[in-house]
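# Structure at a glance
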Amino acid sequence: MVWTDERIEELKVLWAEGLTTGEIGKRLGVSKNAVVGKAHRLGLKGRPSPIKKAKQPRPAAAPAKEPEPKMKTLVDLSANTCRWPIGDPREPGFHFCGAPAIPGKPYCAEHAAVAYVGAGSNSHKVPPPPRDGEAA
DNA sequence: CCCTGATTCGC
DNA sequence: GCGAATCAGG
C-alpha cells in the first residue's frame, strides 16, 4: 500500500469528516489499522476513542416532581407526631398529619378529637387505626 | 461480542 | 513507513 498524497488527503478528509477508522479503511481500501496507524503517524488529531458520544438535547424544562415538604411519610413519623392518615394508603401521595401529637395519644389534638368522638363515645369511630402494614 | 481508536512490534 | 497484532475503553 502506497500512501500517495491523494490517498493521504482522502484519509485526512475522511478523518476530519468524522468517519470512523473502519469506514475510512473501507473507503480507502485498507484496514482500519492502516488508517489509524497512518493517521497517528501523520499526527492527525487522535480522538481518545470517541465512543458513542451522543448528546441528548434538553429541549424543555426539568419538571421535578418533588413531594411537598409538609408531606409526612411513614418514616417521618416519630413518637409524638400525629399519625392521622391523610389520603388512601394505597394511593400515591398518601401521608400522615405529622402535627405534634398529644402525649399518650397517636394523634394531634384536632385529629384526636375526631378519632375519639367525645371522651366516652363508643359509637362511631370514623378514622381507621393507623396500624402499619397492610390493610385490605 | 460488537464497536471504537491507540500503541506496539515485526516487516 | 507500513500495517497487522495487540491493547484499551465503551
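Scroll up for the structure.
In what follows, the accompanying structure is described. No experiment lies behind these values; they were computed from the predicted model shown.

### Structural notes on the overall build of chain A
A tally of helices and strands in chain A yields four helices and two strands. Along its sequence from the N terminus, chain A presents helices and strands in the succession α-α-α-β-β-α. The contacts in chain A between residues at least 6 apart in sequence include a share of 34% that link residues at least 24 apart. Of the roughly 10700 Å² that chain A leaves accessible, carbon and sulfur atoms contribute 55%.

### Here's the deal with the protein's contact with DNA strand C
Close to DNA strand C lie eight residues; Met1, Trp3, Ser31, Lys38 and Arg41 are nearest. Separating a phosphate oxygen of DNA strand C from a side-chain N or O atom of Trp3 is a distance of 2.5 Å. In the model, a base nitrogen of DNA strand C is placed 2.4 Å from a nitrogen or oxygen of the Arg41 side chain.

### Digging into the packing of helix H1 (residues 5–17) against helix H2 (residues 21–28)
Look at H1 against H2: their axes get within 10 Å of each other, and the N-to-C directions meet at 150°. When the interaxial angle is binned, H1 and H2 end up roughly antiparallel. As for how H1 packs across H2, the hand of that crossing is right-handed. Across from Arg7, Glu10, Leu11, Leu14 and Trp15 in H1, the residues of H2 making contact are Thr21, Ile24, Arg27 and Leu28. When its residues are assigned to classes, the contact of H1 with H2 shows five nonpolar, one polar and three charged.

### Observations regarding the environment of Thr20
Counting through the fold element by element, Thr20 comes out in the loop between H1 and H2. Judged by its relative accessible area of 47%, Thr20 falls in the partly exposed class. Separated by 15 residues in sequence, Thr20 and Val35 have C-alpha atoms that sit 9.3 Å apart.

### A closer look at the pattern of salt bridges
One pass over the full model with this rule turns up two salt bridges. Residues Glu23 and Lys26 are paired through a salt bridge, measuring 3.4 Å at the closest nitrogen-oxygen approach. Pair noted here: Glu23 and Lys26 are both in helix H2, with a separation of three residues, about one helical turn. Glu23 serves as the salt-bridge partner of Arg27, at 3.6 Å between the closest nitrogen and oxygen. Separated by four residues within a single helix, Arg27 and Glu23 lie in helix H2, roughly one turn from each other. One network of salt bridges, in which partners are shared, links Glu23, Lys26 and Arg27.

Rules used throughout
Residues numbered from 1 in each chain as written. Chains lettered and ligands numbered in written order. Predicted model: local features only at pLDDT ≥ 70, side-chain atom pairs only at ≥ 80, totals over all residues. Heavy atoms only, no water. Helix = DSSP H or I, 4+ residues; strand = E, 2+ residues; numbered from the N terminus. Contact = heavy atoms within 4.5 Å. Areas by Shrake-Rupley, 256 points an atom, 1.4 Å probe, with all protein chains shown as cover. Near = heavy atom within 4 Å. Polar contact = N/O pair within 3.5 Å; in protein donor to acceptor, adjacent residues only side chain to side chain. Axes fitted to C-alpha atoms, helices over the stretch in contact; angles between N-to-C directions. Parallel < 35°, antiparallel > 145°, perpendicular 65-115°, else oblique. Left-handed = near helix turned anticlockwise from the far one by under 90°. Nonpolar A, V, L, I, M, F, W, Y, C, P; charged D, E, K, R; others polar. Buried < 20%, exposed > 50% of the residue type's maximum accessible area, 1.4 Å probe, protein only. Salt bridge = Lys/Arg side-chain N within 4 Å of Asp/Glu carboxyl O.

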